[in-house]
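Report on the structure
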Amino acid sequence: MELRSRNHAAFRIVVPLLGAAYLVRGLLRGRIWGKAVPPESMPITRAIRFSIVLSLLLALPPAAALAQDSKPQQDPKPTLRIVRVSEPPQFDDFGGRADRLDSTRAVPVTGFRQRDPGDGAAVSAPTTAYLSYDDANLYVVFVCKDDTAKVRASLANREDVGGDDGVAVYLDTFHDHKRAYVFWANPLGVQLDGIMTEGQDDDYSFDTVWQSDGRLTPDGYVVRLAIPFRSLRFGSGAVQSWGIALGRFIRRYNEESYWPYVTKRVAGFVPQFATLEGLQDIAPGRNVRFNPYSAFTGARFLDAGVPAFRRENDLRIGLDAKTVLGGALTLDGTVNPDFSQVESDQPQVTINERFEVFFPEKRPFFIENAGYFQTPVNLFFSRRIADPGTGVRLTGKAGRWAVGAIGTDDRAPGAALGGGRAGIGVVRVQRDFGGESTVGMLASDRSLAGGSNRVVSADTRLKLTRTWIFSGQAMATQTRGTSGARSSGTGLYADLLHDGRNLDYSATYLDLSPSFETQLGFVKRVGIRQLGQQLQVVRRPKGPIVRFGPTFTTSLDWDRNGRLLDRSLEASFEVKLRRETKFVVAREQAFELFGDLPFDTHRTSATLQSEWLKWLAGSAKIGLGTAVNHKPPKGLAPYLADAEDGQVGLTFRPMRRLRLDHTFLYERLTTRPGASPAGGSSLRILANRILREKVNYQFTRALSFRAIVDYATVDRNSTLSRVEPEHRWGMDLLLTYLVNPGTALYVGYSDRYENLRMLPGNPPTLERSGSPVMSVGRQVFVKLNYLWLF
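Residues numbered from 1 in each chain as written. Predicted model: local features only at pLDDT ≥ 70, side-chain atom pairs only at ≥ 80, totals over all residues. Heavy atoms only, no water.

**Considering the overall build of the chain**
What the chain contains, in helices and strands, is 4 helices and 42 strands. By the burial criterion, 48% of the 790 residues in the chain qualify as buried. About 35,800 Å² of surface is accessible on the chain, with carbon and sulfur atoms providing 57% of the total. (Helix = DSSP H or I, 4+ residues; strand = E, 2+ residues; numbered from the N terminus. Buried < 20%, exposed > 50% of the residue type's maximum accessible area, 1.4 Å probe, protein only. Areas by Shrake-Rupley, 256 points an atom, 1.4 Å probe, with all protein chains shown as cover.)

**Structural notes on the pattern of salt bridges**
Summed over the entire model, instances satisfying the criterion amount to 49 salt bridges. In this structure, Asp213 engages Arg224 in a salt bridge whose closest nitrogen and oxygen atoms are separated by 3.0 Å. With a gap of 11 residues between them, Asp213 in strand β11 (residues 211–217) and Arg224 in strand β12 (residues 220–228) connect regions that are remote in the sequence. A salt bridge links Arg547 to Glu574; its shortest N-O distance comes to 3.4 Å. Of the two residues, Arg547 is situated in strand β28 (residues 545–559) and Glu574 in strand β29 (residues 564–577); the sequence distance between them amounts to 27 residues. Taken together, the shared-partner salt bridges in this structure form one network comprising Asp116, Arg540, Arg547, Glu574 and Lys582. (Salt bridge = Lys/Arg side-chain N within 4 Å of Asp/Glu carboxyl O.)

**What about the sheet that holds β12?**
Adjacent strands of a sheet pair through backbone hydrogen bonds, lying either parallel or antiparallel. The strand order across the open sheet formed by 5 strands is β4-β6-β7-β12-β11, and the pairing between neighbours is antiparallel. Both outer strands of the open sheet, β4 (107–109) and β11, are each paired with one neighbouring strand and no more. Sheet twist, expressed as the mean angle between neighbouring strand axes with direction ignored, is 15°. In the sheet, strand β7 (residues 137–145) pairs with β12 via 9 bridges, with the strands oriented antiparallel. Residue pairing for β12: Val143 is matched across the bridge by Val222. (Pairing = 2+ DSSP bridges. Axes fitted to C-alpha atoms, helices over the stretch in contact; angles between N-to-C directions.)

**A few points about the nonpolar core**
Among the nonpolar cores identified, the biggest contains 57 residues, and Phe142, Tyr170 and Leu246 are the most heavily contacted of them. If you tally residues by element for this core, the top one is strand β9 (residues 179–185), at 6 residues. Those residues in contact with Phe142 that sit more than four places away from it in its chain are Phe112, Thr128, Ala129, Val167, Ala168, Val169, Tyr221, Val222, Val223, Leu225, Leu246 and Gly247. Ile406, Ile424, Val455 and Tyr493 belong to the second largest nonpolar core, which has 20 residues in total. (Core = buried A, V, L, I, M, F, W, Y, C linked by side-chain atoms within 4.5 Å. Contact = heavy atoms within 4.5 Å.)

**A few points about the packing of aromatic side chains**
Across all of its chains, the model carries 23 aromatic pairs by this definition. For the ring pair Phe269 and Phe273, a centre distance of 5.5 Å and an interplane angle of 85° mean the geometry is edge-to-face. For the pair Phe269 and Phe273, a shared accessibility class is recorded, and that class is buried. Within the aromatic cluster, the residues linked to one another by ring pairs are Tyr170, Trp184, Phe249, Tyr258, Phe269 and Phe273. The positively charged end of Arg113 is found above the aromatic ring belonging to Tyr261, 4.1 Å away from the centroid. The aromatic ring of Tyr372 is capped on one face by Arg179, whose charged end is 4.9 Å from the ring centroid. (Phe/Tyr/Trp six-rings, centres within 6.5 Å; stacked < 30°, edge-to-face > 60°. Lys NZ or Arg CZ within 6 Å of the ring centre and 35° of its normal.)

**Concerning the side chain of Asp495**
Turning to its location among the elements, Asp495 is positioned in strand β25 (residues 486–499). Here Asp495 sits buried without a salt bridge, and the closest side chain of opposite charge, Arg461, lies 7.8 Å off (N-O distance). Leaving out residues up to four positions away in the same chain, Asp495 has contacts with Ile469, Phe470, Ser471, Ser506, Ala507 and Thr508. (Lys, Arg positive; Asp, Glu negative; His and termini not counted.)

**As for the confidence of the model for the chain**
Note that predicted coordinates carrying low pLDDT should not be read in detail. Chain-level statistics for the chain give a pLDDT mean of 85 and a share of 84% at 70 or above. Counted against residues more than four places away or in other chains, residues 1–72, with its pLDDT under 50, gives 95 contacts. (pLDDT = per-residue confidence, 0-100.)

**Comments concerning unusual backbone geometry**
Residue Pro117 is bonded to the preceding Asp116 through a cis peptide linkage, with omega at 5°. Within the secondary structure, Pro117 is located in the loop between β5 (113–116) and β6 (127–133). Each neighbour pair has its own omega, and for Trp259 with Pro260 the value is 0°, a cis peptide bond. With respect to the element layout, Pro260 can be found in the loop between β14 (255–259) and β15 (274–280).

**As for the pairing of strand β20 (residues 401–410)**
Both strand β19 (residues 391–398) and β20 contribute to a ladder of 8 bridges, which runs antiparallel. Within β20, the position partnered with Ala398 by the bridge is Trp401. In this structure, the hairpin formed by β19 and β20 is closed by a connection of 2 residues, where Gly399 is found at a positive phi of approximately 65°. Note that β20 and strand β21 (residues 422–433) share 10 bridges and pair antiparallel. Along β21, the bridge assignment pairs Thr408 with Ile424.

**Some words on the pairing of strand β30 (residues 581–594)**
The sheet contact formed by β29 and β30 spans 12 bridges and is antiparallel. Pairing of Arg567 across the sheet is with Phe591, part of β30. Here β30 runs beside strand β31 (residues 597–613); their pairing, made up of 13 bridges, is antiparallel. Bridge pairing in β31 links Val584 to Thr607. Where β30 folds back onto β31 in an antiparallel hairpin, the turn is made up of 2 residues, including Gly595, whose phi is positive at roughly 60°.

**Concerning the environment of Gly327**
Relative to the helices and strands, Gly327 is located in the loop between β17 (308–325) and β18 (329–335). Sequence separation between Gly327 and Ser236 is 91 residues; the distance between their C-alpha atoms is 6.3 Å. Sequence-distant contacts of Gly327, defined by excluding residues within four places in its chain, comprise Leu232, Arg233, Phe234 and Pro284.

Structure, rendered in structure tokens:
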């Protein structure tokens, strides 16, 4: 009977996959059921019909696996009763006789079980956590047994511990099964903190003040965490009931283990936490914070519009203030706010791109509690606010309500218009209901010089079953230009997600009208209807292979008249080994309508990445295929070209204090043999190379030095591309003394060079030269901020 059921389940999975493969093959060849289907002229009704059939076929495997994934063998959620102590725990309390520690001084927790790679298997190395609390702090001490020579631990910058072993505490302080604080530390006590929210990416931009210490021992390591209650937000009751999870991570085994048992067979992470009881008569206290700062910048830069060199010396002094209202809501105010960005953006290839490239926010005022403003379609992208003058923000939780509001201004748009500031306001509210579901709304307004842009949105996230989740959003925008012209637009978004251990599936639909406009959001494209699906099947054998399996992805875009704009059909196969080693091969067939011209493109790629050695991590990726030259010279229509791209990353850790990072990105377009617009053999159209070398030396946990050298070139054939040729390099030096996220000293220097030269004349002119010898921007800065707690 068991064999028959397994064969039946396999039949239900394999047959729909074969049907889907046949349908994909037909779409790739332009034929369905024997009938020719030209992609560029496919009516929307027929395209939708094909997509629906494909959706049904791809949805059958999740349905077959639903019975398996929705009935995990999961223990009932345990309850942990913590003890109150009069003195903080000390390292000496947790030596070789820690197992005999008096239970009145700490509550021991064992029984950690893997979530990955073995769902439910015991942690591969003995792990015990000891919990206690006093009037001011929650204490967690991890005693982790291991071979010390194999433990991965570096003395690094705060939050720069992605390649290390570690331990973590997760706290759902409102016990709403929705949000949780994350406090993570490596074996040397280097910190990483964040907030995780169901239905959103984990937010590690969150920073708060807490203490951590770590020591390597002859048989592993010990980490002690002290988390102040004033750094948390929670209800005002005399008796608290929180959600809690404890984690341990062993990189060489690709292993993450938790107490309590947290399984992939159930969608969601926070809802599986244990209950923490015994916290009584705790409060965040008065919890008023003042964070004054001063920053001096001396700069010399090229004003290309004149052209001429200018010098600027800028001294900025300001104050950020924070107070906690009722233990749960945080009110932030600022005078001459600190919106500086110390770290540089990661390099990305941006030439020959059709749409805007996303760069994440890094400014402190915006990144704290950024998740409170997040919606499925990104309607508030804070980097749209370029040069704010003042700002105020309210975020937090009140019962089942989550609230976020921000008000600020932006001097940059007004400067471009000769004066004035843009006024900006954003409000976001969300309510939990039904255990793990939410409903919310967002409203934003941006006004400048008589013009305005207003956006309203309503969204929901519904937990349908243990493994199925639906998300939806409805949006409307209204814009008035400075001339008085008005426009309005609407948008719809829907997503159905199946999240399981052996099978994941998602289907997403997006509909944005041509006049949809969000000046504060990040929306690459409007006037489209978009349908996307992804199916991932995972097999997890025992042995050196951790997991393997295929992923199938489809994406179709139409304009509002039903004309097909883009189509992408991709299949990939991944094999993942221990020590964070994996190999991926992928093939994509695509269609693109650009400049009213249809193009069929393809791409084959291979990716390899590994952290096999403690001191060396690397990744390499190569892609070959065809692509459209989106930027031909004037008078030449866009055309299909051969394309290749590559990426190499290496990280060396020759000692615990030193880290060396190497990044190289490459992209090239060439004419196809015999298909060049100019005729003849294959010619290079353009090539982009980006090289970054980064060195970080950590003197202590607080004191570090970082140097970055960037080098980039853009070469092009002027008869085949209008991309601007560039040849530039630059350096960034930064000395950091970071006591905690609010108290730090930064001293930095940066310089940028480009292949320009200035020709004499009245006025002078600029032209491109062969080598990057002209300094176009040089800067020295000193920044000091200090956190006062009251």
